[in-house]
Amino acid sequence: QFYYLRGNDQFRDENTRTISLEAALTSQLTKSHLFSGGIQINSYLLDVLNSLDTREGSGGRFESYQVKPREAAVYLQDKMEFEGLIANAGLRLDFWDANTYYFPDVVVPYRQYNNSFAGDTSWTYNKDLVHKKKSPIIGRLQPRIGVSFPVSVSTVFHLNYGSFMQRPSFQYVVSSQVQQAVNAPIRLGNPRLLPETTNSYDIGVMQGLGEGFTLDVSGYYKDVKNLIETVTYTSGSYSYSTWFNRDYADIRGFRVALAKRKGIFTGSINYQYSVATGKSANPQNAPVSITENPRTNELTTDLQKVPVRDILLNFDRAHNLILNLA
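Predicted, not measured: the structure shown is a model, and the values here were computed from it.

Draft legend 1. Structural detail: the layout of surface pockets. Of the volumes computed, that of the largest pocket is approximately 540 Å³. Forming the boundary of the largest pocket are 29 residues, of which Tyr 101, Tyr 102, Phe 103, Gly 189 and Pro 191 lie nearest the centre. Of all the secondary-structure elements, those providing two or more residues to the lining of the largest pocket are strand E3 (61-67), strand E6 (101-102), strand E15 (213-235) and strand E16 (238-260). Residues that form the lining of the largest pocket fall into these classes: 17 nonpolar, eight polar and four charged.

Okay, here's the thing in structure tokens:
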């Protein structure tokens, strides 16, 4: 009772490969300076050939691409210890290259203008002839610093700042899904996506209470930018989806940690209160629709599914209590 081309049949042929190189060196150059540094290099291969929908009359959804993204990083840190002061200062430089091509016409990616005479605005739909550009190499310098120093015999003040980045997942960068019957894109990755970035701030005080007890009270704030969101472009009868950097998030809160490090019983109790707000917690929650007038090329943006005000995000967890006992 099996009828080929009558079900949601999927045939997947995917191959992935990762080659990684990491090297690090740590040296106590002087009594007060501990230097550490290193490099990280990753090279990927993504070879995908999938038929995702072979139902009769569906036209078929087809994924076919082979790309070799790569990334590299170099970092250097100095841990400085002086009387009454401990500081960590570091720099990290990241590079990210999707190592592929993109279509400059984001509205109709396969659009090829004829230009047979002056003023000719007619165009054909041809993936092989349309102009493509090489994806850019994206780099970012990330400083990080942490300082702690005593303000009394039993009280220590600490302050931390760090800048961090996370490259987009490959599915948002290099994927390509087309309708097999007419070779029209259904969903295309965006090789120009910027990395998601976070600036993190933390300030607090640790107080010794005697008998092995310490109390640490800290407040923190994380400013997250370049989060990814879905966008759908439509021009006449042509429509497809891609992703772009549009969203952000604010994460803020405080921690109270009581620890006991001496005695038969040791452990800690840590309470954290946080609030995470933004427009969307994932690339699908607040999609944007952009429609082009084929005659005038004028674009109209529909933001009906984007919240007017910031909302609590799915990963928001107001109260978090962790107890460790040994």
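Draft legend 2. The arrangement of the nonpolar core in detail. Residues Trp 96, Phe 170, Val 173, Val 174 and Leu 193 are the most contacted members of the largest nonpolar core, which totals 15 residues. With residues near it in sequence (within four places) discarded, Leu 193 still touches Ile 138, Pro 168, Tyr 172, Val 173, Ile 228, Trp 243, Phe 244 and Asn 245. Of all hydrophobic cores here, the second largest spans 14 residues; its members include Val 107, Val 108, Val 130 and Val 288.

Draft legend 3. Molecular detail of the environment of Gln 10. In this fold, Gln 10 is placed in the segment before strand E1 (14-28). Along the primary structure Gln 10 and Ser 51 are separated by 41 residues, whereas in three dimensions their C-alpha atoms are 5.7 Å apart. In this view, Gln 10 contacts Ser 51 and Leu 52; residues no more than four positions away in its chain are not counted.

Draft legend 4. Representation of the environment of Leu 325. As for its placement among the helices and strands, Leu 325 is situated in strand E21 (residues 319-325). Counting along the chain gives 65 residues from Leu 325 to Lys 260, while the straight-line C-alpha distance between them is 9.4 Å. With residues up to four places along the chain from it excluded, the contact list for Leu 325 reads Thr 266 and Gly 267.

Draft legend 5. Seen up close, the pattern of salt bridges. One pass over the full model with this rule turns up ten salt bridges. A salt bridge links Asp 97 to Lys 134; the shortest N-O distance between them is 4.0 Å. Placement of Asp 97 in strand E5 (residues 85-97) and of Lys 134 in strand E9 (residues 133-134) is noted, with a sequence separation of 37 residues between them. The class for Asp 97 is buried, based on a relative accessible area of 5%. A residue is classified by how much of its surface remains accessible, and Lys 134, at 40% relative accessible area, is partly exposed. Note that Asp 310 is salt-bridged to Lys 279, the shortest N-O span being 3.6 Å. Of the two residues, Asp 310 is situated in the loop between strand E19 (299-302) and strand E20 (311-312) and Lys 279 in the loop between strand E17 (267-278) and strand E18 (288-292); the sequence distance between them amounts to 31 residues.

Conventions used here
- Residues numbered from 1 in each chain as written.
- Predicted model: local features only at pLDDT ≥ 70, side-chain atom pairs only at ≥ 80, totals over all residues.
- Heavy atoms only, no water.
- 1 Å grid on protein atoms, 1.4 Å probe; cavity = no way out; pocket = protein on both sides within 12 Å on 5 of 7 lines; lining within 4 Å.
- Points joined across faces, edges and corners; volume = space filled by probe spheres on them.
- Helix = DSSP H or I, 4+ residues; strand = E, 2+ residues; numbered from the N terminus.
- Nonpolar A, V, L, I, M, F, W, Y, C, P; charged D, E, K, R; others polar.
- Core = buried A, V, L, I, M, F, W, Y, C linked by side-chain atoms within 4.5 Å.
- Buried < 20%, exposed > 50% of the residue type's maximum accessible area, 1.4 Å probe, protein only.
- Contact = heavy atoms within 4.5 Å.
- Salt bridge = Lys/Arg side-chain N within 4 Å of Asp/Glu carboxyl O.

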